[in-house]
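Each chain is listed here by its residues.
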Amino acid sequence: MHWTERRERFRALLAGPRCVHPGSVYDAISARIAEDLGFEVGMFAGSIGSMSVLGAPDLIVLTLSEFAAQAYRICRAGNLALLVDSDHGYGNALNVKRTVEELETAGVAALSIEDTVLPRPYGPSGKPSLIPVEEGVGKMKAALAGRQDRNLVIAGRTSALAISGVDETVKRAKAYEAAGVDAMFLAGAKTAAEVEAVSAAIRIPLILGGAGGALSDLDWLSAHNVRVCLQSHAPFSAAVQAVYNTLKALREGTPPSQLTGIASSELMQRVTRAADYRRWTEEFLGGG
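Residues numbered from 1 in each chain as written. Predicted model: local features only at pLDDT ≥ 70, side-chain atom pairs only at ≥ 80, totals over all residues. Heavy atoms only, no water.

*Asks:* How should the overall build of the chain be read in this particular structure?
*Replies:* Scanning the chain from terminus to terminus reveals 13 helices and eight strands. Expressed along its principal axes, the backbone C-alpha trace of the chain runs to roughly 60 × 45 × 40 Å. Within the chain, buried positions represent 47% of all 288 residues. Sequence separation of 24 or more characterises 68% of the internal contacts of the chain that already satisfy a separation of 6 or more. Working note: accessible area of the chain is about 14100 Å², and carbon and sulfur atoms make up 55% of it. Of the side-chain charges in the chain, 29 are positive and 31 negative, and the distance between the mean point of each set is 2 Å. (Helix = DSSP H or I, 4+ residues; strand = E, 2+ residues; numbered from the N terminus. Buried < 20%, exposed > 50% of the residue type's maximum accessible area, 1.4 Å probe, protein only. Contact = heavy atoms within 4.5 Å. Areas by Shrake-Rupley, 256 points an atom, 1.4 Å probe, with all protein chains shown as cover. Lys, Arg positive; Asp, Glu negative; His and termini not counted. Charge placed at Lys NZ, Arg CZ, Asp CG, Glu CD.)

Set out below in structure tokens:
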């Protein structure tokens with residue numbers, strides 16, 4: 001498939017004056033729903049990948065191949081520009097290069113590489129920590145070297161705000177910008193002052209994890225060079241609850257005709273693109 005046009009749209013968004021909320025997606029149907037509802041960007045997180053593919057928590061047990069395969073399923077389902085959280089790149093800088101190659105082939109429009117020590121190392125402390133900034137720079141350079149389509153967006157990602165504070169975050173953002181990344185993803189931002197400090201220190205646009213207060217005001221975010229701001233991954237949790245409720249009701253004897261919260265036939269036909277398949281059946285198989 002041809003992925004360039006959706007990457008061009010994502011780059012145009014980064015270069016523009018607005019901040020948008022992405023639709024959190026995890027499979028083909030959720031991606032189509034997000035696109036049909038008008039979301040300009042889809043977001044596929046590593047945590048959601050782990051839960052949707054493995055039924056496992058976000059402990060970096062999902063492999064690159066599994067993540068890339070699910071990203072491809074999402075991308076091929078429609079024309080949504082997909083941003084993915086590719087964690088630490090599944091290893092060292094050489095693994096990061098491979099990660100970019102695989103996710104570019106899968107069709108993503110943008111990806112982030114983070115500088116957290118992942119997966120959790122051996123030892124009693126479960127507190128997150130950061131790799132040295134020099135290693136982070138090496139990872140960013142490797143990511144850029146792995147890119148073949150120059151329209152693919154590479155974002156550096158750091159959790160330094162929550163781990164080490166604003167000064168360390170600014171240091172890393174400047175270093176990753178100098179390495180050549182297209183955007184900076186800030187995880188763990190809590191206050192407007194934190195975002196202002198980083199925004200003032202670099203020229204590249206920002207991507208934020210979800211937060212409240214001023215950090216949920218699109219006008220404020222737009223004015224401070226934030227171009228994408230996540231709104232959590234509630235759609236996946238909502239889907240889990242809906243499946244749980246439906247199966248529980250059936251197990252307890254509720255007749256299928258009395259179930260609530262079931263998608264209509266019209267919605268199911270729309271999200272499965274049933275009209276297209278009927279047309280193709282008539283054209284290629286000689287009838288309905």
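Read on, since the account is not over.
*Asks:* What am I meant to see in the sheet that holds strand β3 (residues 81-85) here?
*Replies:* By way of backbone hydrogen bonds, the strands of a sheet pair with one another, either parallel or antiparallel. Strand order in the open sheet made by the eight strands is β1-β2-β3-β4-β5-β6-β7-β8, with parallel pairing throughout. Edge positions in the open sheet fall to β1 (23-24) and β8 (226-229), since each of these has one partner strand only. Pairing of β3 with strand β4 (residues 110-114), which is carried by three bridges, proceeds in the parallel orientation. Note on β4: the bridge partner recorded for aspartate 85 is serine 112. Relative to β3, helix α4 (residues 64-76) is tilted by about 160°, and along the sheet it contacts β2 (41-44) and β3. (Pairing = 2+ DSSP bridges. Axes fitted to C-alpha atoms, helices over the stretch in contact; angles between N-to-C directions.)

*Asks:* Could you clarify how one ought to interpret the pattern of salt bridges in this entry?
*Replies:* Two side chains carrying opposite charge are able to pair once their charged atoms lie near each other. Within this structure, the stated rule accounts for 15 salt bridges. With a closest N to O distance of 3.0 Å, aspartate 115 and arginine 172 form a salt bridge. In this pair, aspartate 115 is assigned in the loop between β4 and α6 (133-146) and arginine 172 in helix α8 (residues 166-179), connecting sequence segments 57 residues apart. Taken individually, aspartate 115 and arginine 172 each receive the classification buried, so the pair is uniform in this respect. Salt bridges here are not isolated pairs; linked through shared partners, they connect Arg11, Arg147 and Asp182. (Salt bridge = Lys/Arg side-chain N within 4 Å of Asp/Glu carboxyl O.)

*Asks:* Can you help me understand the packing of aromatic side chains in this one?
*Replies:* Applying the stated criterion across every chain, the model contains five aromatic pairs. For the ring pair phenylalanine 44 and phenylalanine 67, a centre distance of 4.8 Å and an interplane angle of 5° mean the geometry is stacked. Here phenylalanine 44 is found in strand β2, whereas its partner phenylalanine 67 is found in helix α4, with 23 residues between them in sequence. Consider the rings of tyrosine 277 and tryptophan 280, whose centres lie 4.9 Å apart with planes at 75°: the pair is edge-to-face. In this pair, tyrosine 277 and tryptophan 280 both sit in helix α13 (residues 274-285), three residues apart, roughly one turn of the helix. The structure contains a cluster of three or more aromatic residues connected by ring pairs, namely Phe44, Phe67 and Tyr90. Over the ring of phenylalanine 185 we find arginine 157; its NZ or CZ atom is 4.2 Å from the centre of that ring. (Phe/Tyr/Trp six-rings, centres within 6.5 Å; stacked < 30°, edge-to-face > 60°. Lys NZ or Arg CZ within 6 Å of the ring centre and 35° of its normal.)

All quantities given are derived from atomic positions and should not be read as evidence of function.
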